[in-house]
Amino acid sequence: MNGIYLDHAATTPVHPEVARVYAELLTSTFGNASSIHGTGRAARKLLDDSRATVAGLIGARPEEMIFTGGGTESDNFAIFGTAEARSDEGRHIITTGIEHHAVLNACKRLEKRGFEVTWLPVDREGRVSPDDVKDALREDTILVTIMAANNEVGTIQPIREIGEILKGHSATFHTDAVQAFGEIPVDVKEFGVDLLSASAHKINGPKGIGFLYQRNGTKIVPPTSGGEQERKRRAGTENVPGIAAFAKAAEIAQESLAERRERHEAFKQIMTGILKETGTAFSVNADRAETLPNILNLSFPGTDIESLLVNLDLAGIHVSSGSACTAGSIDPSHVLVAMHGESAEELRNSVRFSFGYGLSEEDIRSAAEKTAAVVRRLAGQ
Ligand SMILES: *Cc1c(COP(=O)(O)O)cnc(C)c1O
């Protein structure tokens, strides 16, 4: 591959060990896990083993795990599934303004269907206040959905504190842990959540696989009707090789958690160090918050997103911003708007660098030097 890939929060390469397992299983263990013959039973055993592995990594029981088609499906399942199961008890939902679109747009759709959504604010560091959650709770609140860590700026949310508050309330507590899982310890008991989403392709697994943790006793209506797979909660033939590959990726992520944290924290220091040494003007978004080790979101005053992304790409630096550029006009990142306000300069010049598998210190040095050169040229420094 030409260029330095620093967009691991968007997606990741499949880990070679995971790819090996996955490729082998596609031909060796292709059976339908519902079939009663030997081929089917082999697939069933692999599915059961993978389920137990992933459940163990988050402190869940195997029967509480539902494998899905990815993070978006898990988020939608949690939100629509709760709304449908509990609309008789209430129609109020609490979420934040910095959720991934898989949560954001699901909640907006429910608003159109007559549910009332409270959109909690965040501070300048992108943090949700547990007190705000407490104040927003009502008797008819049926769902609280707050992400474990943000995908644009990396801010880690106080999920445990929010979980404590919700212990005294009947609302279902969902967290989108797609970015957090595999980067920081995720334990459903410690978090105090009822539902939790994760995705394989963000942790060096294949695309199109995810899971939804559903605490025993939590009511949700399945999004699909069909066969009785996943204890009648997710109809459709299970992608057993993909699920096994996800389990392998999750195991590798867990084993290397501390080592990667250290490496990625060092990468952040190297990047910001080189930018400082070269006299490049920049600021770090969510600088004072606890953030994911692999996400570094930087603002470069005097530049604009479009020319930044184009020129960084030309220089072989593959990064992204949370802003959508359509036909020359820029739709600013909803996360940065929530953090800095509608008119902040950061909305126009912020870029996300996200680290992951296969990057060396040398890559980071090179990327930082090239970034510094691009930014200084664009900003006329
Ligand atoms: C990537 C991502 C998703 C969506 O996951 P997919 O598997 O790509 O559907 C949801 N939430 C967050 C925070 C993400 O980063």
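Everything below is about the structure printed above this text.
Quantities reported herein were computed from a predicted structural model and do not represent experimental measurements.

So what exactly am I meant to see when it comes to the site of the ligand here?
Around the ligand there are 13 residues in total, and T72, D176, Q179, S199 and K202 lie nearest to it. Residue T72 places a side-chain N or O atom 2.6 Å away from an oxygen atom belonging to the ligand. Within the side chain of K202, one N or O atom sits 2.8 Å away from an oxygen atom of the ligand. Compared with its free state, where it exposes 380 Å², the ligand has 88% of that area covered by protein. With three residues, the single largest contributor to the shell around the ligand is helix 3 (residues 71-86). Here the residues of the shell around the ligand sort into two nonpolar, eight polar and three charged.

How should I be thinking about the pairing of strand 7 (residues 195-199) in this particular structure?
The two faces of the sheet receive side chains in turn, since in a regular strand these alternate between them. A large share of strand 7 lies buried, amounting to five of its five residues. A two-sided burial pattern is seen for strand 7, the buried positions comprising L195, S197 and S199 on one face and L196 and A198 on the other. As paired strands, strand 6 (residues 172-176) and strand 7 are joined by three bridges and run parallel to one another. Opposite T175, over in strand 7, you have L196 as the bridge partner. Inspection of the sheet shows strand 7 paired to strand 8 (residues 210-214) by five bridges, in the antiparallel sense. Along strand 8, the bridge assignment pairs L196 with Y213.

Looking at this model, I keep getting lost on helix 10 (residues 257-277). Mind explaining?
Residues lying three or four places apart along an α-helix face the same way, a consequence of the helix completing one turn every 3.6 residues. Between the first and last C-alpha of helix 10 there are 30 Å, a value that for 21 residues agrees with the 30 Å anticipated at 1.5 Å per step. Taken together, the buried positions of helix 10 are occupied by L257, R260, H264, F267, K268, I270, M271, T272, I274 and L275. Contact partners of the buried residues in helix 10: helix 9 (240-255), strand 9 (283-284), strand 10 (295-299), strand 14 (350-354) and helix 14 (361-378). At the exit of helix 10 stands G279, carrying a positive phi of roughly 70 degrees.

Quick question: what am I supposed to make of the environment of A136 here?
Topologically, A136 is positioned in helix 5 (residues 130-136). Once the C-alpha coordinates of A136 and I94 are considered, the two residues, 42 residues apart in sequence, prove to be 7.3 Å apart. Each residue touching A136, except ones within four places of it in the same chain, is listed here: H92, I94, T118, L120 and T141.

Any chance you could explain the environment of L275 here in plain terms?
Examined against the element boundaries, L275 turns out to sit in helix 10. Distance in space between the C-alpha atoms of L275 and A171 is 46 Å, their sequence separation being 104 residues.

Just checking my understanding: could you explain the environment of V54 for this structure?
Tracing the backbone through its elements, the reader meets V54 in helix 2 (residues 38-57). Between the C-alpha atoms of V54 and K248, which are 194 residues apart in sequence, the distance is 8.8 Å. Excluding its chain neighbours within four sequence positions, the residues that come into contact with V54 are M65, F67, F211 and A247.

Mind showing me how you'd approach the packing of aromatic side chains here?
Evaluated as defined, the whole model comprises four aromatic pairs. Ring geometry for F181 and F211: centres 5.5 Å apart, planes at 80 degrees, overall edge-to-face. Of this pair, F181 sits in the loop between strand 6 and helix 7 (188-191) while F211 sits in strand 8; the two residues are 30 residues apart in sequence, bridging distant segments of the chain. Ring geometry for F211 against F246: centres 5.7 Å apart, planes inclined by 25 degrees, an arrangement best described as stacked. Of the two residues, F211 is situated in strand 8 and F246 in helix 9; the sequence distance between them amounts to 35 residues. Looking at F246, the relative accessible area reads 0%, which means it is buried. Among the aromatic residues, those joined into a cluster by ring pairs are F181, F211 and F246. For the cation-ring pair, R91 lies above F115, with the distance from its terminal atom to the ring centre recorded as 4.3 Å.

Definitions and cut-offs
Every chain's residues receive numbers from 1 upward, in the order its sequence appears when written. Residue-level local features of this predicted model are given only where pLDDT is at least 70; pairs of side-chain atoms are given and counted only at 80 or more, and the full residue set underlies all totals for whole chains, interfaces and linings. Water and hydrogen atoms play no part in the side-chain values, which are based on all heavy atoms of the structure. Any residue with a non-hydrogen atom lying within 4 Å of a molecule or strand is treated as near it. By the criterion applied in these results, polar contacts are pairs of N or O atoms within 3.5 Å in which, for protein atoms, one can donate a hydrogen and the other can accept it, and in which residues neighboring in sequence qualify only through two side-chain atoms. Shrake-Rupley sampling with a 1.4 Å probe provides the accessible areas, and residues are treated as covered by the protein chains on show and by no other component. Numbering of helices and strands starts at the N terminus; helices are DSSP runs of H or I of at least 4 residues and strands are runs of E of at least 2. Only Asp, Glu, Lys and Arg are considered charged, only Ala, Val, Leu, Ile, Met, Phe, Trp, Tyr, Cys and Pro nonpolar, and every remaining residue, Gly among them, polar. For each residue, the accessible area found with a 1.4 Å probe, counting protein chains only, is set against the maximum for its type, and the residue is called buried under 20%, exposed over 50%, and partly exposed in between. Being paired, for any two strands, means DSSP has found at least two bridges between them. Helix span, as expected, comes to 1.5 Å for every residue beyond the first. Note on definitions: a residue-residue contact is assigned when non-hydrogen atoms from the two residues lie within 4.5 Å. Aromatic rings from Phe, Tyr and Trp, with only the six-membered ring used for Trp, were paired whenever their centres fell within 6.5 Å, and each pair was classed as stacked if the ring planes differed by under 30 degrees, edge-to-face if by over 60, and tilted otherwise. Only lysine NZ and arginine CZ atoms are considered, and such an atom sits over a ring when it is within 6 Å of the ring centre and within 35 degrees of the ring normal.

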